[in-house]
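Fold and geometry: a report
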Amino acid sequence: MTCLPQNGSKKKLGLVIDLDICVGCHACAVNCKEWNTGGHSAPLTDMDPYGADPNGVWFNRIHSFEVVDDDNDSRTVHFPKSCLHCDDAPCVTVCPTGASYKREEDGIVLVDADKCIGCKLCSWACAYGAREYDEDVGIMKKCTLCVDRIYNENLPEASRVPACVSTCPVGARSFGDLGDPNSDVSKLVAEREGFDLMAELDYKPTNKYLPPRPKQNENSFSDKPVSLSPVETEKSGLLARWADKVLSL
């Protein structure tokens, strides 16, 4: 079986995902697919993508849930999920060939395709369902945190982030060193009381989630209706008078 780094990983690169502002647009999943289908673990095979039963390898998947609180108020929560690059990664220690391993220099969990025999033990050991079996080549694949991108000196420094982070239209995904308590991502987690997914398992996932904020109390809104001022057509030009006439029909 494979061992985790003896000294642990002081640097812990990972993601912080804000469940309060994620809109479930799937842009992160699509850009992840586009980048990684030609990246470190390429290809990301699709099986019958336009057929009745499409299937394939996706490193990032978005799940949507309807959540009802104690006051019977409901909200939709979009929950992106990929490999969490755990400190105590069971997918690594269960691997019989050393194909699954955790890097000591940055804490990223990767798969060596040349050593993988497709036994699927790692996928059974992963409580988060983050492993993706490529049926076409018979090996296991997973999120790499775009390791071929974040260290690519040919890219502008601002672009050296995972593809999912670079494409999020609402800024729901952040990337950085969660092993550094003074990093921007660590401060964000502390400020918003970020949490580990399924913390009771004690796998110590690097990736963190920020909880949805409470709904704004309806009493905080003014009961006074908002009215619009009418257009002063006599003082307005011809175009304004015409627009007012059309909208009044």
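Residues numbered from 1 in each chain as written. Predicted model: local features only at pLDDT ≥ 70, side-chain atom pairs only at ≥ 80, totals over all residues. Heavy atoms only, no water.

Looking at an unreviewed UniProt entry, the protein chain carries the name Ferredoxin, with the source organism given as Kiloniella spongiae.

Below, the discussion takes up the packing of aromatic side chains. Within the structure shown, the criterion is met by two aromatic pairs. The interplanar angle of 20 degrees and the centroid separation of 4.5 Å between the aromatic rings of Phe 79 and Tyr 209 together place this pair among those described as stacked. With Phe 79 in strand β5 (residues 74-81) and Tyr 209 in strand β11 (residues 208-210), this pair connects stretches of sequence that are 130 residues apart. The pair Phe 79 / Tyr 209 is uniform in exposure class, with both members buried. Here the aromatic cluster, defined as three or more aromatic residues joined through ring pairs, consists of Phe 79, Phe 195 and Tyr 209. Looking at Lys 33, its charged tip hangs above the ring of Trp 58, at a distance of 4.6 Å from the centre. Positioned above the aromatic ring of Trp 35 is the side chain of Arg 149, whose terminal nitrogen or guanidinium carbon lies 4.7 Å from the ring centre. (Phe/Tyr/Trp six-rings, centres within 6.5 Å; stacked < 30°, edge-to-face > 60°. Helix = DSSP H or I, 4+ residues; strand = E, 2+ residues; numbered from the N terminus. Buried < 20%, exposed > 50% of the residue type's maximum accessible area, 1.4 Å probe, protein only. Lys NZ or Arg CZ within 6 Å of the ring centre and 35° of its normal.)

Counted by the stated rule, this structure contains five cavities of 30 Å³ or more. Each pocket or cavity is described by its volume, and for the largest cavity that value is around 110 Å³. Forming the walls of the largest cavity are 16 residues, and the residues nearest its centre are Cys 83, Cys 86, Cys 91, Cys 126 and Tyr 128. Of the residues assigned to the lining of the largest cavity, the class counts are 13 nonpolar, one polar and two charged. (1 Å grid on protein atoms, 1.4 Å probe; cavity = no way out; pocket = protein on both sides within 12 Å on 5 of 7 lines; lining within 4 Å. Points joined across faces, edges and corners; volume = space filled by probe spheres on them. Nonpolar A, V, L, I, M, F, W, Y, C, P; charged D, E, K, R; others polar.)

As a further point, take unusual backbone geometry. Excluding glycine, residues mostly have negative phi values, and the peptide bonds linking residues are mostly trans. In this chain, Ala 42 is followed by Pro 43 through a cis amide linkage whose omega measures -5 degrees. If you trace the backbone, Pro 43 turns up in the loop between α1 (27-36) and β2 (46-47). For Cys 146, which is not glycine, the phi torsion reads 50 degrees and is therefore positive. For Lys 204, which is not a glycine, the phi torsion comes out positive at approximately 55 degrees.

Take helix α6 (residues 184-192) next. Buried residues of α6: Val 185, Ser 186, Val 189 and Arg 192, and no others. One side of α6 holds all its buried residues, which, seen down the axis, span an arc of 145 degrees. Of the exposed residues in α6, the ones pointing more than 90 degrees away from its buried face are Asp 184, Ala 190 and Glu 191. Looking at the buried side of α6, the elements it contacts are β1 (13-18), β10 (173-177) and β11. (Arc of directions from axis to C-beta. Contact = heavy atoms within 4.5 Å.)

Once that is clear, we can look at the pattern of salt bridges. Across all of its chains, the model carries eleven salt bridges by this definition. With a shortest N-O distance of 2.8 Å, Asp 87 and Lys 12 are connected by a salt bridge. Of this pair, Asp 87 sits in the loop between β5 and α2 (90-93) while Lys 12 sits in the segment before β1, placing them 75 residues apart in sequence. Under the relative-accessibility criterion, Asp 87 is labelled partly exposed at 24%. On the accessibility criterion, Lys 12 (24% relative accessible area) is partly exposed. We note a salt bridge from Arg 103 to Glu 105, for which the minimum N-O separation is 3.4 Å. (Salt bridge = Lys/Arg side-chain N within 4 Å of Asp/Glu carboxyl O.)

Here Ser 183 lies in the loop between β10 and α6. Residue class for Ser 183 comes out buried when judged on its relative accessible area of 11%. A distance of 3.0 Å separates the side chain of Ser 183 from the side chain of Ser 186, its partner in a polar contact. (Polar contact = N/O pair within 3.5 Å; in protein donor to acceptor, adjacent residues only side chain to side chain.)

Taken in spatial order, the three strands line up as β10-β1-β11 in an open sheet, and their pairing is mixed. Each of the sheet's edge strands pairs with one partner strand only, and the pair in question is β10 and β11. Within the sheet, the average angular offset between the axes of one strand and its neighbour, ignoring direction, is 25 degrees. Examined bridge by bridge, β1 and β11 share three bridges and lie parallel to one another. From the neighbouring strand, Val 16 faces β11, where its bridge partner is Lys 208. (Pairing = 2+ DSSP bridges. Axes fitted to C-alpha atoms, helices over the stretch in contact; angles between N-to-C directions.)

What follows covers the pairing of strand β4 (residues 61-68). Alignment of β4 against β5, held across eight bridges, turns out to be antiparallel. Paired with Ser 64 across the bridge in β5 is His 78.

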